[in-house]
Amino acid sequence: MAELERKIIPIGPFHPLQEEAEYFKLKVEGEKVVGLDIQLGYMHRGHEKICEGKTYDQIPFVVERICGICSTSHPFACVQAIEDAAGIEIPPRAAYVRTIVGELERIHSHLLWAGLAGHFLGYNTVWMWAWKYRESVLEISELITGNRNHYAMFKPGGVRRDIEGGMIPPLLATLDELDKKLTMLTKAVLDDPMLHKRLEGVGVLTREKAIEYSVEGPTGRASGLKIDVRKDDPHAAYDWVEWEEIVCQEGDVFAKTKVRLLECLESTKIIRQCLRKLKDLPEGEIDARMEHGPDGEGVGRYEAPRGEVFHYVKGDGSMYPVRYKIRAPSSMNIKSNEVAVLGGSVADAAIILAAVDPCYCCTERIAAFNTKGKFLYNWNDLLKLSQEKTARMGGGS
Amino acid sequence: MNMSVGWVFFYLLVFPGFLFTSVVGLLYTWVDRKVTARMQFRVGPPLLQPFYDFFKLLGKDTFVPEGAPRSIFLGAPLIGLASVSVLSTVLLVSNFFPGQAFAGDLIVVLYLFAFVPIVLILGASSSSNPISALGASREMSLYLAYELPLLFALATIIVKSGGLLKIGDLLQWQWTNHPFLYSASGALAFVSAFLCMQAKLGFVPFDIAEAEQEIMGGITLEYSGPVLAVLKLTKAMLYFTVSIFLTVFFWGGFRSPREGWYHILGWLKPVAIIVLIILIKNTNPRLRIDQALRFFWSIVLVLSIAGFILATVGL
Amino acid sequence: MLKGLKKAALARSLWIYHVAASPCNNCDIEILDLLTPRFDVERFGLLLAPSPRHADLLLVTGMVNKKVLDRVLRVYAQIPKPCVVAAVGSCAISGDLFVDSYNFAGPLDKHIPVDVYIGGCPPKPEAMILGVVRAIEKLKKLKDL
């Protein structure tokens, strides 16, 4: 049998568990996990710096490429930050279209997660099933935006393409069908006794720990935190439609699954209402013109499928931002793995690490190179650098 | 026992041994992949796919990881292949040529069945990779857990038949009376043996030792090229052998002295067993090692002991 | 004859290992999409391999950054030859909009030999299947296998 000495099981940088490169060091005694060391940085691409060299019209394209799965969330928060800084109001048509695209993305992202979670549990039938249904969501996206992912729908002041009246009835019909499929999948997954056995009580993140690690999105809502930017800070059309926040108290992997699957159904509800209201609206403007670059600061928040995305922009009146800052939800959520995996087995660790729906390419905003075992910058160095830069830029917060 | 040496080699290498078993075994893996694909709304691979995979692997490079003893790392899979060949020969010879069996072949079968996981454990632990080693330790714990119920299941049918230890005699008993499966004790023994075989094959929900997403294929992780081909072939042959094992011991063998349609239907028995295994594989998530151990040490063990007790009172 | 058999077998059974070299994930999920019911590349014998040691086809996505470069080279070294390398997506081919990034280590073909280029942001699954077909054609033309 396994000897009880402390060993390190590496997960990554390339591991079938994660689609992306990252490095977890699981410290184990036999099969029991006693520690976790998270090493990120394999996905850093320097988005914030690239954004500073692009015009406001180009930035949504750049931030769209932060992450392929939340490729609406980042532009959503980005355009809101720019509009906030420039003080632009968007026309209601644009607000509805934005909401529809955002919610479509949420469904496809949650289905993607559900499928991958099944795959990680060796339950490939669930994977294939969820992804089969996900295809129909991508089809709707392709119909509306012209692409399966990376929609390029958003621009500061509005959207680039309209959803015309003739498209709406077939879309509603497809949505009804999708609703039926989603209900079936949700029922099948939530009623599977083996999945109950495998997921219940696994990787519990208590409410206290959830607050301590300030987790966001479904990860927080599964631990009993009622946080959702769509409700707490309504924007776009979220205030004009009826929908519910899904909150579970258990905090285990099963609760996270439940929250995500039920949220898919809420999303179809939102899309359906938006489409109906869009039909009643007169045809008209879908964007407000932005005459010159904003002078000042602005923030944008959006509830991505993984949690709150936060974008900050500071402009000086030119068409280029002075500073662009991005914070993605996974940077909070991944850290919470440190407590969630403790005491579980290696087999559980695999699904727990995946349960927060980590997105490393969203997260990695900083690269501190560790060449020859020496840190180039530590936290205080970085803080100092940042303060010096702020001083050079002449004040500001 | 007056077989010539030539016949022994023919049995071992061509029919029903190595060549026959490997071809049928590879076809079985096709059945597996095809049924799996159909269950997942997919089309699935073409009939000859397992053969393409096998020949492709033969043509690739082989790496031996740094720090691994070459002889054990490369030798273990070959020993595994050899033992499966002998295993299938012993099982099938009694079925095709009942007169050619030898006394105590049941014990040999049990030994050889135990040999395969041990060889895998040996190869994996020699590869000096922590993940492979974890896979090996899981395989070991699982093996210890399912071996006892399997022994009880076999003891059940031995008691039921009145102490027969030759596979040929056991088959004869089933042909003259009825397959063990059709009695209460035999059915219990079959169910527990079936679950043990699911674990022996390393299929979901018991594919804990080679969990692809947790420990990257565990015991096969470090193998590549021809040696991986040998491992895959061993797995495929084991696949076939397991279905034959269950058919021969519990379902009256797939070849019976009765003629006609019954004969062809008999050949479908192992396939039916395999399809059942595939169905279970595709409708369950992987268990944790502690859950699997608890399952075997409690439920399956109790089932098999209950079967044994029923057999002693003659049910 | 044996060589021909090996070659024919290799063309019909490419096992994929996929390396995410700092991509945006989109190419990666489209690669996974290939295996699911709509596209089902297992029809052509393509499978996802759990370890680079089992792989024949290396799919690299993303702009290769300086930290991940070393790992990509190591994975490439671990793949038993003969193998095919495909650069998937505009980032792996040229760097796309990340050419200006301070963390960009250069296009993929600067570091390892690339056989097939699959363009797009992200390439559609159909385009990826076409890319694999091109890879197979290229394999068949190889003399020393």
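The shown structure was predicted, so the numbers you read here are calculated from the model rather than taken from an experiment.

Asker: Please explain the overall build of chain A as it appears in this structure.
Answerer: For chain A, the count of helices and strands is 16 helices and ten strands. Computed over C-alpha atoms, the radius of gyration of chain A comes to 22 Å, within 12% of the 21 Å expected from 2.2 N^0.38 for 397 residues, which places it in the range of a compact globule. Across its three principal axes, chain A shows a C-alpha extent of roughly 70 × 55 × 35 Å. Long-range pairs, those at least 24 residues apart, make up 69% of the contacts in chain A between residues at least 6 apart in sequence. Surface accessibility of chain A: about 14800 Å² in total, with carbon and sulfur atoms responsible for 53%.

Asker: I would appreciate a short explanation of the packing of aromatic side chains in the present structure.
Answerer: In this description, an aromatic ring pair is defined by two values, namely the gap between the centres and the angle between the planes. Summed over the entire model, instances satisfying the criterion amount to 24 aromatic pairs over all chains. Consider the rings of W129(A) and Y133(A), whose centres lie 6.2 Å apart with planes at 55 degrees: the pair is tilted. Residue W129(A) and its partner Y133(A) are both found in helix α5 (residues 124–145); the two are separated by four residues, about one turn of the helix. Summarising the burial analysis for this pair, W129(A) and Y133(A) share the class buried. Seen in terms of ring centroids, F295(B) and F296(B) are 5.6 Å apart; in terms of plane orientation they differ by 75 degrees. Their pairing is edge-to-face. Residue F295(B) is classed as partly exposed on the basis of its relative accessible area, which comes to 22%. Grouping aromatic residues by their ring pairs yields a cluster made of F76(A), F154(A), Y238(A), W243(A) and Y302(A).

Asker: What's the story with the nonpolar core in this structure? I'm lost.
Answerer: The biggest cluster of nonpolar side chains holds 142 residues, and the ones touching the most others in it are L26(A), I100(A), I163(A) and L275(A). It is helix α4 (residues 92–120) of chain A that contributes the most residues to this core, 14 residues altogether. The residues touching I163(A), leaving out its near neighbours within four places in the chain, are R93(A), V97(A), I100(A), I144(A), I168(A), L171(A), L275(A) and L278(A). One finds V248(B), L58(C), C83(C) and A87(C) within the second-largest nonpolar core, a separate group that totals 109 residues.

Asker: Where do I start with helix α6 (residues 130–160) of chain B in this structure?
Answerer: Side chains of residues three or four places apart in an α-helix project in the same direction, reflecting 3.6 residues per turn. All names here are of chain B. Over its 31 residues, α6 extends 46 Å from the first C-alpha to the last, a length consistent with the 45 Å expected when each residue adds 1.5 Å. Of all 31 residues in α6, 22 are buried; the element is thus mostly enclosed. Two residues or fewer past α6, G162 is found with a positive phi of approximately 85 degrees.

Asker: Whenever I open this one, the interface of chain C and chain A confuses me. Can you help?
Answerer: Many authors give the size of an interface as the accessible area that is lost as the parts come together. Contact with chain C, which involves 38 residues of that partner, is made by 46 residues of chain A. Carbon and sulfur atoms supply 61% of the area buried between chain C and chain A, which totals about 3500 Å² over both sides. Viewed at the interface, chain A and chain C are joined by seven salt bridges. Between E30(C) and R148(A) there is a salt bridge, and its shortest N-O distance comes to 2.9 Å. Inspection of the region where chain C meets chain A yields twelve residue pairs in polar contact (both at pLDDT 80 or more).

Asker: When you look at the interface of chain B and chain A in this model, what are you seeing that I'm missing?
Answerer: With 25 residues of chain B in contact, the opposing surface of chain A contributes 32 residues. Where chain B touches chain A, the interface holds one salt bridge. Among the salt bridges present, the one from D348(A) reaches R288(B), with a minimum N-O distance of 3.0 Å. Our enumeration of links across chain B and chain A arrives at seven residue pairs in polar contact (both at pLDDT 80 or more). No other element matches the six residues that α6(B) contributes to the side of chain B that touches chain A. In terms of residue class, the side of chain B that touches chain A is made up of eleven nonpolar, eight polar and six charged.

Asker: Looking at this model, I keep getting lost on the confidence of the model for chain B. Mind explaining?
Answerer: Interpreting fine coordinate detail is not advised for predicted regions of low pLDDT. Of the residues in chain B, 91% reach a pLDDT of 70 or more, and the chain-wide mean stands at 82. Ranking the helices and strands of chain B by mean pLDDT puts helix α2 (residues 18–39) of chain B first, with 90, and helix α9 (residues 212–215) of chain B last, with 60.

Asker: Where do I start with unusual backbone geometry in this structure?
Answerer: Where the residue is not glycine, phi is negative for most of them; where a peptide bond is considered, it is trans in most cases. In this chain, C121(C) is followed by P122(C) through a cis amide linkage whose omega measures -10 degrees. A positive phi is found at H150(A), a non-glycine position, where the angle reads about 50 degrees. When you line up the elements, H150(A) lands in the loop between α5 and β4 (154–155). Residue H150(A) is classed as buried on the basis of its relative accessible area of 3%. Its identity is not glycine, yet S22(C) carries a phi of approximately 45 degrees, on the positive side. Relative to the helices and strands, S22(C) resides in the loop between β1 (15–20) and α2 (26–33).

Asker: Whenever I open this one, the packing of helix α5 (residues 105–125) of chain B against helix α10 (residues 225–250) of chain B confuses me. Can you help?
Answerer: Angle between the axes and distance between the axes: these two values describe a pair of packed helices. Residues and elements named next belong to chain B. Remark: α5 packs on α10, axes separated minimally by 12 Å, with the N-to-C direction vectors making an angle of 150 degrees. Considered as vectors, α5 and α10 are oriented roughly antiparallel to each other. The way α5 lies across α10 gives a crossing that is left-handed. Touching L106, V109, F113, V116 and L120 of α5 are L231, T234, L238, T241, V242, F245 and F249, all from α10. Looking at side-chain class alone, the contact of α5 with α10 contains ten nonpolar, two polar and no charged residues.

The rules behind these values
Residues numbered from 1 in each chain as written. Chains lettered and ligands numbered in written order. Predicted model: local features only at pLDDT ≥ 70, side-chain atom pairs only at ≥ 80, totals over all residues. Heavy atoms only, no water. Helix = DSSP H or I, 4+ residues; strand = E, 2+ residues; numbered from the N terminus. Rg over C-alpha atoms; globule rule 2.2 N^0.38 Å. Contact = heavy atoms within 4.5 Å. Areas by Shrake-Rupley, 256 points an atom, 1.4 Å probe, with all protein chains shown as cover. Phe/Tyr/Trp six-rings, centres within 6.5 Å; stacked < 30°, edge-to-face > 60°. Buried < 20%, exposed > 50% of the residue type's maximum accessible area, 1.4 Å probe, protein only. Core = buried A, V, L, I, M, F, W, Y, C linked by side-chain atoms within 4.5 Å. Expected span 1.5 Å × (residues − 1). Buried area = accessible area lost by both parts, 1.4 Å probe. Salt bridge = Lys/Arg side-chain N within 4 Å of Asp/Glu carboxyl O. Polar contact = N/O pair within 3.5 Å; in protein donor to acceptor, adjacent residues only side chain to side chain. Nonpolar A, V, L, I, M, F, W, Y, C, P; charged D, E, K, R; others polar. pLDDT = per-residue confidence, 0-100. Axes fitted to C-alpha atoms, helices over the stretch in contact; angles between N-to-C directions. Parallel < 35°, antiparallel > 145°, perpendicular 65-115°, else oblique. Left-handed = near helix turned anticlockwise from the far one by under 90°.

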